[in-house]
Amino acid sequence: PTYRPDFNDLTLQEYVEMPGYYDNWMVRMLTNAKLGGLNEGHLEIAKAVIKEKFIIGISDHMDETFRQLESYFGWKEQEAGCVKSFLGASFNKNKYELPERGGPVWNSIA
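Residues numbered from 1 in each chain as written. Predicted model: local features only at pLDDT ≥ 70, side-chain atom pairs only at ≥ 80, totals over all residues. Heavy atoms only, no water.

The next subject is the packing of aromatic side chains. This structure, assessed with the given rule, holds 5 aromatic pairs. Between tyrosine 72 and phenylalanine 73, the aromatic rings sit 5.0 Å apart at their centres with planes inclined by 85°, giving edge-to-face as the arrangement. A relative accessible area of 61% places tyrosine 72 in the exposed class. A relative accessible area of 45% places phenylalanine 73 in the partly exposed class. Grouping aromatic residues by their ring pairs yields a cluster made of Phe66, Tyr72, Phe73 and Trp75. (Phe/Tyr/Trp six-rings, centres within 6.5 Å; stacked < 30°, edge-to-face > 60°. Buried < 20%, exposed > 50% of the residue type's maximum accessible area, 1.4 Å probe, protein only.)

Okay, here's the thing in structure tokens:
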């Protein structure tokens, strides 16, 4: 569980200024480069891992993503309505304003 109710009122700027914030988190996790600088080589490795090892879905279109996963893996719903109730659940969704491209928040995370 990654949902943090105490983060509900944080701005994106406040979040990236918190101790323990990882820049380029996904690249760091995919390349096991948790400390130190990153370079284009790290990005290329991360892209290769995603291309070879991941199935990507869009969370804003989770129903369609799930249908594709069901087809790919051959999953069958065992209890009628289970998938629909799960996809309709509202959790782990902190809302925040999108930063202005080129603005201070954008530059701190880009």
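Right, let's get into the environment of aspartate 23. Along the chain, aspartate 23 falls in the loop between helix H1 (12–16) and helix H2 (25–31). Between the C-alpha atoms of aspartate 23 and tryptophan 75, which are 52 residues apart in sequence, the distance is 36 Å. At a separation of 3.5 Å, a polar atom in the side chain of aspartate 23 contacts the side chain of asparagine 24. (Helix = DSSP H or I, 4+ residues; strand = E, 2+ residues; numbered from the N terminus. Polar contact = N/O pair within 3.5 Å; in protein donor to acceptor, adjacent residues only side chain to side chain.)

Further remarks concern the side chain of histidine 42. You can see histidine 42 is positioned in helix H3 (residues 40–53). The class of histidine 42 is buried, set by a relative accessible area of 18%. Ignoring any residue separated from it by four or fewer positions in sequence, one finds histidine 42 in contact with Val27, Thr31, Ala33 and Gly37. (Contact = heavy atoms within 4.5 Å.)

Let's shift gears to the pattern of salt bridges. One pass over the structure, following the stated rule, counts 4 salt bridges. Here glutamate 44 and lysine 47 are joined by a salt bridge, their closest N and O atoms 3.4 Å apart. Within this pair, glutamate 44 and its partner lysine 47 are both found in helix H3, separated by 3 residues, close to a single helical turn. Look at glutamate 44 and you get partly exposed, because its relative accessible area is 41%. Linking glutamate 64 and arginine 67 is a salt bridge whose minimum nitrogen-to-oxygen distance equals 2.8 Å. Highlighted residues: glutamate 64 and arginine 67, both in helix H4 (residues 62–73), separated by 3 residues, approximately one helical turn. (Salt bridge = Lys/Arg side-chain N within 4 Å of Asp/Glu carboxyl O.)

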